[in-house]
Amino acid sequence: MDIQGVVAEGFEPVRDAFVRNFEVLGDRGAAVAVYRDGHKVVDLWGGTRDADGTEPWTEDTAQIVRSATKGVAAAVPLLLHQRGLLDLDAPVGSYWPEFKAGGKEKTLVRDLLAHRAGIPALDRGLTAAEAADGVSGPRAVAAQHPFWEPGTGHGYHAQTYSWLLSELVLRVTGRTLGSVLAEDIAEPLGLDFWIGLPDAEADAGRVGRVAPVEPPESSGMLRTRPRRNVSEAYADPGSLTRRAFAAIDPLPDENAAAYRAAELPASNGIGTARALARFYGATIGVVEDGARIFTPATTGLAAREHSSGPDRVLVVNTRFGAGYMLHGPASPLLSPASFGHPGRGGSLAFADPEAGVGFGYVTNALAKSVTADPRAQALVRALRSAL
């Protein structure tokens, strides 16, 4: 495998693990980047731009990162909070009156971020067109009766997170979440990351195509099986698990131009590993040219546990801060101090304020993993050994 890029002295184990991901764990095209104390120490890429193609992955190749989008999207309401424009302890209905319907009057903004809002699913799944139109999704979650009393428990809002956050930001700012991200975060920091891919980027042909893949038999990945109750939850069409992931039904074509152009903060962010690592580096401190996103107080808010224990959707124990998944058995990150988000199928990005690390991994080979992909975990272990 021809691996391109650079690794600072001492971080060679990350490169070795990245190579092994291609040789043993079935990666087709991927990139990994690490910032340490504001400086880029790993920036690697290899394989093909398309999971089922032959064109090489280049330095600026971008990919869809699925739910790793959620961590980037969460920075927008936290930035609004930091600016005094959004109160996390205010009822959502104080900004979005229609949301009060169905017994959700006491749902707090903080509940949306920490997956405690009680509406991970919809009574009727939306079509891909409805999901993307900017109106049907917010209208559906506003009308939805909660599946549990908001604030009393948590369950992963796999798809509905898109419409909850996007409409809240729109009501507060008059701008879409994707435009706030672009203008207030991505452009100042020089990030190649978008929620709502611009036409110019789509026309540039730099975004690769993703595809599901089966791991090679020699990888050992096939010997890993989810617990029976988890498997049953995913297999049962009536379970909250299946219904949460089927809030868009049928699932959209993630390579379609219309899907990429939509703003779905739960699932369709597109970017580079370098952008993700730099983004997370800027959530915990200053990166390279003096740029940063969060104050120390906001960083602490992102990393502070808001939800923990049995997840009513994922059927495992999970932990969430204000918009970020936290380190735990279901989603191991670098250390208990880490906060970030995985993407179903492989991608992973996070910050670790104690280690001063921002990490990003993106892939076009979508495996059957949900929160702990073996390729991403191999890279995290290698990074841990290098620190």
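Residues numbered from 1 in each chain as written. Predicted model: local features only at pLDDT ≥ 70, side-chain atom pairs only at ≥ 80, totals over all residues. Heavy atoms only, no water.

Participant: In this structure, what is going on with the packing of aromatic side chains? I would like to understand it.
Facilitator: Taken as a whole, this structure holds 10 aromatic pairs when the rule is applied. Between W96 and F99, the aromatic rings sit 5.1 Å apart at their centres with planes inclined by 40°, giving tilted as the arrangement. Comparing W96 with F99, the two get one shared label, buried. Among the aromatic side chains, those forming a connected cluster through ring pairs are Y156, Y234, F245 and F320. Above the face of the F99 ring, K104 is positioned so that its terminal group lies 4.9 Å from the ring centre. The ring of F245 is capped by R344, whose NZ or CZ atom sits 4.5 Å from the centre of that ring. (Phe/Tyr/Trp six-rings, centres within 6.5 Å; stacked < 30°, edge-to-face > 60°. Buried < 20%, exposed > 50% of the residue type's maximum accessible area, 1.4 Å probe, protein only. Lys NZ or Arg CZ within 6 Å of the ring centre and 35° of its normal.)

Participant: How should the pairing of strand β3 (residues 39–47) be read in this particular structure?
Facilitator: Along any regular strand the residues' side chains alternate between the sheet's two faces. Burial analysis of β3 places seven of its nine residues in the buried class, the great majority of the element. Sheet topology places strand β1 (residues 4–7) next to β3; four bridges connect them, and they run antiparallel. When the sheet's bridge partners are listed, Q4 is paired in β3 with W45. Bridging between strand β2 (residues 29–36) and β3 involves eight bridges; their strand directions are antiparallel. (Helix = DSSP H or I, 4+ residues; strand = E, 2+ residues; numbered from the N terminus. Pairing = 2+ DSSP bridges.)

Participant: Hey, could you run me through the environment of V380 in this one?
Facilitator: Among the structural elements, V380 can be located in helix α14 (residues 374–386). A sequence separation of 48 residues divides V380 from P332, and the C-alpha atoms of the two residues are 8.6 Å apart. What V380 contacts, discounting residues up to four positions off in sequence, is L333, L334, L348, F350 and F359. (Contact = heavy atoms within 4.5 Å.)

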